[in-house]
Amino acid sequence: MGRSPFADRPSVLMCPPEYYGIEYEINPWMDRRRPADHHRAVQQWERLRELISDAGAEVYLMDPVPGLPDLVFTANAGLVFQDQVVLSNFRYRQRQRERPYQKQWFVQHGFRTLDLPEQFHFEGAGDALFCGETLFGGYRIRSHAAGHQWIGQRFGCQVIPVELVNPFYYHLDTCFCPLAPGVAMYFPGAFDQYGLRALEAHVEQLIPVSVEEARAFACNAVVIGRRVITNTGCPRLHRQLRRLGFEPVETPLGEFVKAGGSAKCLTLRLDGEEAAGWKHAPDAQTEPSHPE
Ligand code: ARG
């Protein structure tokens, strides 16, 4: 296994929302009678992209494709680990056509792509998140638990499967967000007792998010070092994050919430480990050190 071709600095994959829209309904947030406003979606996406660059990450773009409105959600393109990517096996046929475009992007950019056995549904970094060296795998609504186990064996990492029991939080990244090794925020209402116990046992510091803020996609944050970028509408979480030494930033993403997505879903980390991996992790407890 080699390093990610993007290992030198925080790098993020995004896809412009040119053909984004609410064209089908595959999660409870989507309603074709509530279409996305194209102009506003473009503005919101551009602003998110700026904030990600401001946070010090390089943004790479994948070409949008007509007829694939959810291709903007690059978190679902696959799971990146060093120079390998496990491609997604989407549950719904509406999204299955994204895969060849995602595969092509990864191959052209120097990754080795891995195919999961076809019978396992898997939706990439939407359902598989590293917190430190442990991979947390959300299953039942979109991904199969067996797929996460297959990945754990392939990569030689510990996998903690957590069942998602609330249809509004259908991907793990809608209700769980690693912030640093041993630190994550989560929405307890998205898990059952087993899942909650597993999270408590494997994450030292768990920051609970309220129902109101979870509904505003508070857990769907882009984390780059100390910077935590979320949708608007999560002031309590932001206060808490500031107390812990993070730098929360909000930006409106309502047009994407209509599809069941927000900041994190619109991005995929390419530098080999997830945001809370072992390389770019901030120390949540201390202030940055000054040279003098
Ligand atoms: N409409 C998309 C779907 O239901 C939204 C995907 C959001 N992505 C995510 N990583 N949570 O598949």
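Residues numbered from 1 in each chain as written. Predicted model: local features only at pLDDT ≥ 70, side-chain atom pairs only at ≥ 80, totals over all residues. Heavy atoms only, no water.

**Student:** Help me out: how do you make sense of the site of the ligand in this one?
**Tutor:** In the vicinity of the ligand lie 17 residues, with Asn27, Arg95, Arg142, Asp173 and Cys265 positioned nearest. Calculation on the ligand without its partners gives an accessible area of 350 Å², and the protein chains cover 100% of this total. Taken together, the residues of the shell around the ligand sort by class into seven nonpolar, six polar and four charged. (Near = heavy atom within 4 Å. Areas by Shrake-Rupley, 256 points an atom, 1.4 Å probe, with all protein chains shown as cover. Nonpolar A, V, L, I, M, F, W, Y, C, P; charged D, E, K, R; others polar.)

**Student:** What's the story with the pairing of strand 6 (residues 128-131) in this structure? I'm lost.
**Tutor:** Burial along strand 6 is two-sided: Ala128 and Phe130 facing one way and Leu129 and Cys131 facing the other are all buried. Summarising the sheet, strand 6 and strand 7 (residues 134-139) pair through four bridges and their orientation is antiparallel. Each residue of the ladder has a partner; that of Ala128, found in strand 7, is Gly137. Connecting strand 6 to the next strand, strand 7, in antiparallel fashion are two residues, including Gly132 with a positive phi near 65 degrees. (Buried < 20%, exposed > 50% of the residue type's maximum accessible area, 1.4 Å probe, protein only. Helix = DSSP H or I, 4+ residues; strand = E, 2+ residues; numbered from the N terminus. Pairing = 2+ DSSP bridges.)

**Student:** So what exactly am I meant to see when it comes to the environment of His121 here?
**Tutor:** Mapped onto the elements, His121 comes out in the loop between strand 5 (112-114) and strand 6. Residues His121 and Leu270, 149 residues apart in the sequence, show an inter-C-alpha distance of 22 Å. Setting aside residues up to four positions removed in sequence, His121 forms contacts with Asn89, Phe90, Arg91, Arg142, Ser143 and His144. (Contact = heavy atoms within 4.5 Å.)

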